[in-house]
Amino acid sequence: MGIFDKQALANRHVLVTGATGGIGWETAKTIAQMGAKLTVTGRDPDKLKKLENELAGLMDPSRLHLHAADLTEARDREQLVETAEARLGVIDGLVNSAGAAGGKQVEELDQEFLERLMNINYTSTFLLTQLVYRRMMEIGRGDIVNLASLSGLRGTAGNTAYAASKFAVVGWTQSMALEAIEHGVRVNAVCPGYVDTEMARDSIRRKAERKEISIEQATGEAQSSIPSNRLSTPQEVAQTIAFLLTDAAPNIVGESVKISGGSVMR
């Protein structure tokens, strides 16, 4: 059976958050083709409907559950887990793809901006995971993959708030992994560098504004900083996430898997 065989995630119920974003969207599509029962969530009901239309041709619709939610709200998190499990059974796979970006210089940062990024990227993700993890502990199995970032492994100018939130995700992943493996639950993170998504394009636009250069110049600088000389694709990140959910990765625990075209070596 191949890693991405149609039965690689059979008998699993996987929840993907941030499924209306570029990486979350491709992750949902990849998992849909691997036999799993699938719950997807995002804030925008219209985007979820578009995703549903794409997924309909990739999987049995009776094994798909969509739920619009704002994960920064406690009741939304609770209702998401309750309705997902009522519909498709216990969640034993979780992909935390929901997140936000934003870049400002240190002297420009304010408390509201800091708290917003930390809440979306770390606190609300942690609290949702806690709900799911408690059930995984009961059944003695599960896999959790957190979408961190290369910015969670090294800082960059103009990126302090975002980097801090992703460093928190990496640290939480490593610490939780040590606790969770005793209960048969694996926890890992993926740390993409530049990925060809709207979020990356926003980052490049902010860099262009800060350095007072054109977007084309900023894009060229981003590409030249990558030894492979190209941005990663959302599909490449999605495939790595899906791999970490499968039985092909049984002893990968607490890792932060870099997807950066060699950027960390330069």
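Now for a description of the structure that goes with this document. As the structure is a prediction and not an experimental result, all values here were calculated from the model.

Right, let's get into the pattern of salt bridges. Within the structure shown, the criterion is met by 13 salt bridges. For Arg43, the salt bridge identified is with Asp70, shortest N-O distance 3.5 Å. Of this pair, Arg43 sits in the loop between strand 2 (37-42) and helix 2 (45-56) while Asp70 is found in the loop between strand 3 (64-68) and helix 3 (74-88), placing the two residues 27 residues apart along the sequence. The exposed category is assigned to Arg43, whose relative accessible area is 54%. With a relative accessible area of 21%, Asp70 lands in the partly exposed category. The salt bridge involving Arg75 is made with Glu82; its shortest N-O contact spans 3.6 Å. With relative accessibility at 42%, the residue Arg75 sits in the partly exposed group. The exposure class assigned to Glu82 is partly exposed, which follows from its relative accessible area of 45%. Each of the salt bridges in this network shares a partner with another, and the network as a whole consists of Arg12, Asp92, Arg141, Asp143 and Arg186.

The next thing to look at is the packing of aromatic side chains. For the structure shown, the criterion picks out 3 aromatic pairs. The interplanar angle of 50 degrees and the centroid separation of 6.0 Å between the aromatic rings of Tyr122 and Phe126 together place this pair among those described as tilted. Taken as a pair, Tyr122 and Phe126 lie in helix 4 (residues 111-139) at a separation of 4 residues, close to a single helical turn. Accessibility expressed as a relative area gives 23% for Tyr122, which makes it partly exposed. You can call Phe126 partly exposed: its relative accessible area is 29%.

It is worth spelling out the nonpolar core at this point. Core analysis: the biggest nonpolar cluster contains 30 residues, and Val16, Ile31, Leu38, Val40, Leu55, Val190 and Val237 have the highest contact counts within it. Every element with two or more residues in this core is listed here: strand 1 (13-16), helix 1 (22-32), strand 2, helix 2, strand 5 (142-147) and helix 8 (234-245). Among residues more than four places away in sequence, those in contact with Ile31 are Leu9, Val14, Val16, Ala36, Leu38, Val95 and Leu245. Counting residues in each nonpolar core, the second largest holds 25 residues, with Ile91, Ala98, Val169 and Cys191 among its members.

The rules behind the values
Residues numbered from 1 in each chain as written. Predicted model: local features only at pLDDT ≥ 70, side-chain atom pairs only at ≥ 80, totals over all residues. Heavy atoms only, no water. Salt bridge = Lys/Arg side-chain N within 4 Å of Asp/Glu carboxyl O. Helix = DSSP H or I, 4+ residues; strand = E, 2+ residues; numbered from the N terminus. Buried < 20%, exposed > 50% of the residue type's maximum accessible area, 1.4 Å probe, protein only. Phe/Tyr/Trp six-rings, centres within 6.5 Å; stacked < 30°, edge-to-face > 60°. Core = buried A, V, L, I, M, F, W, Y, C linked by side-chain atoms within 4.5 Å. Contact = heavy atoms within 4.5 Å.

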